[in-house]
Structures are given as structure tokens and as C-alpha cells.
Amino acid sequence: MLTGRRAYSSDLTDAEWQILVPLLPPEKPGGRHRKYAMREIINAIQYILRGGCAWRLMPHDLPHWRSAYEYFRQWRNDGTWLRIHDHLHAQLRTQMQRHVQPSAAILDSQSVKTTEKGGLMVTTGQRRSAAESAIYLLIQRAL
């Protein structure tokens, strides 16, 4: 860990960080340097995702919530998260001695939800207001 703060249970281990480092986008040339270390940005994002709290509730010893959110959002929009996922998924399948791309998929009745009612004929019709119901009943009696 780069900072002197106490570790959270959601922080990356050294081994996890070594896997992620080459997958993260490099710092853009020119302009100012990054204010926070990328490991701390990832730790902040992990804290929010694992804890399920709002961005604004991030502890003060992590990077500012807006900085962490901006990286999260930027990486979502530019495909960084998808590339990380795909790389880690391929690496895991290789370790399991499987083909990188799955060759089959299974669909069962629990995977594909259907209706038990039998389509439009059995569904409940639109509900009438009390006034419409009274008028309908009067018309039906007159016939």
C-alpha cells in the first residue's frame, strides 16, 4: 500500500494489483499528473462497490469521491472495465484448462421466463372507473 492509512477489507492485495497494473490506461502525455495513485483509485471504487454505499459517503482517507467516480465513469465509457473483464475471464479459463471462448450454453426453464396464463386471451382487461361500470351495467340491463 502506498499511503499510511489503515487498509480496508475491500483494498486490493499486492498480487491483485500486479495483475491489474498492465490493464489500466496509462497516464495521458502532457497536462498535469494524476493527483491520486491508481491503486488508491481502484481501492476507492472497490470500497463503494463492495460496501454498496453512495459515492459521497466515501471515507476521507480514500481519494475524493468525485475523482474516483470520474475514473469509474470514464473507464465504463471507454471500455476499460470490459477489457479488464475479458482479460481476466480468458486468464481464468486458461488456468482451468478450458478454451478461452465457451463452446456451449445451457438454457432451461428457469433461465427463460414465460407466462403461465397463456397469452392475451387470459390476461386481465383494463379496469373501469366506478362511473363507467355503472353506465355499462345500465346499458346491459336495457338490452
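Up top is the structure these notes are about.
Below, the structure is looked at part by part. The residue count restarts for each chain, going from 1 along the sequence in the order it is written. Local features in this predicted model are restricted to residues of pLDDT 70 or higher, and side-chain atom pairs are both shown and tallied only at a pLDDT of 80 or more, whereas totals for entire chains, interfaces and linings draw on every residue. Heavy atoms throughout the structure, all of them, feed into the side-chain values; hydrogens and water do not.

### Some remarks on the overall build of the protein chain
When helices and strands are tallied, the protein chain shows 5 helices and 0 strands. Secondary structure of the protein chain in N-to-C order comes out as α-α-α-α-α. The 143 residues of the protein chain split such that 22% are buried. Sequence separation of 24 or more characterises 52% of the internal contacts of the protein chain that already satisfy a separation of 6 or more. Each accessible area is a Shrake-Rupley result for a 1.4 Å probe, and residues are judged covered by the shown protein chains and nothing else. Accessible surface computed for the protein chain: about 11,800 Å², of which carbon and sulfur atoms make up 56%. The way it works is that DSSP assigns letters per residue, a run of H or I at least four long becomes a helix, a run of E at least two long becomes a strand, and they are numbered from the N terminus. Burial classes: relative accessible area under 20% of the type maximum marks a residue as buried, over 50% as exposed, and values in between as partly exposed (1.4 Å probe, protein chains only). Contacts: residue pairs with any heavy atoms within 4.5 Å of one another.

### Things to note about helix α3 (residues 65–78)
One fewer than the residue count of a helix, multiplied by 1.5 Å, yields its expected span. The first and last C-alpha atoms of α3 sit 20 Å apart over 14 residues, in line with the 20 Å expected at 1.5 Å per residue. Taken together, the buried positions of α3 are W65, A68, Y71, F72 and W75. Within α3, the buried residues cover an arc of 135° as seen down the axis, which keeps them to one side. Looking at the packing, one finds that the buried side of α3 touches α2 (38–51) and α4 (80–95). Trailing α3 by a residue or two, G79 shows a phi angle of about 90°, which is positive. By arc we mean the arc of the directions from the helix axis to the C-beta atoms, nothing more.

### Side note on the environment of G51
Along the polypeptide, G51 turns up in helix α2. Here G51 falls in the exposed class, since its relative accessible area comes to 56%. In the structure, G51 is positioned 41 residues away from S10 in sequence and 8.3 Å away in space, judged by C-alpha atoms.

### Brief notes about the packing of α3 against α4
Only the stretch in contact is used when a helix axis is fitted, and all axes are lines through C-alpha atoms; the angle between N-to-C directions ranges over 0 to 180 degrees. Interhelical geometry of α3 versus α4 gives an angle of 70° and a closest axis separation of 5 Å. One element, α3, and the other, α4, form an angle in the roughly perpendicular class. Between α3 and α4, the contacting residues are F72, W75, R76 and D78 on the first element and T80, W81 and R83 on the second. In the contact of α3 with α4, the residues fall into 3 nonpolar, 1 polar and 3 charged. Each angle receives one of four descriptions, namely roughly parallel if under 35 degrees, roughly antiparallel if over 145, roughly perpendicular if within 65 to 115, and oblique otherwise. Amino acids outside the nonpolar list (Ala, Val, Leu, Ile, Met, Phe, Trp, Tyr, Cys, Pro) and the charged list (Asp, Glu, Lys, Arg) are all regarded as polar, and Gly is one of them.

### A few points about α2
Between the first and last C-alpha of α2 there are 20 Å, a value that for 14 residues agrees with the 20 Å anticipated at 1.5 Å per step. Among the 14 residues that make up α2, 10 are buried, leaving the element largely enclosed by the rest of the structure. Looking at α2, one finds that the buried residues are M38, R39, E40, I41, I42, N43, A44, I45, Q46 and I48. Summarising the contacts, the buried residues of α2 are in contact with α1 (14–20), α3 and α4. G52 occupies a position one or two residues after α2 and carries a positive phi of about 70°.

### A few points about the nonpolar core
Side-chain atoms within 4.5 Å are what join buried Ala, Val, Leu, Ile, Met, Phe, Trp, Tyr and Cys residues into a set we call a nonpolar core. In terms of nonpolar packing, the biggest core is built from 19 residues, with W55, M58 and W75 touching the most fellow members. Those elements giving two or more residues to this core turn out to be α1, α2 and α3. For this core, the element with the highest residue contribution is α2, accounting for 6 residues. Apart from the residues lying within four places of it in its own chain, the contact partners of M58 are A44, I48, P63, W65 and A68.

### Comments concerning unusual backbone geometry
Phi at Q97 is positive, roughly 60°, even though this residue is not glycine. By secondary structure assignment, the location of Q97 is in the loop between α4 and α5 (130–142). Relative accessible area serves as the criterion here: at 74%, Q97 is assigned to the exposed category.

No statement about biological role is implied by the geometric values presented.
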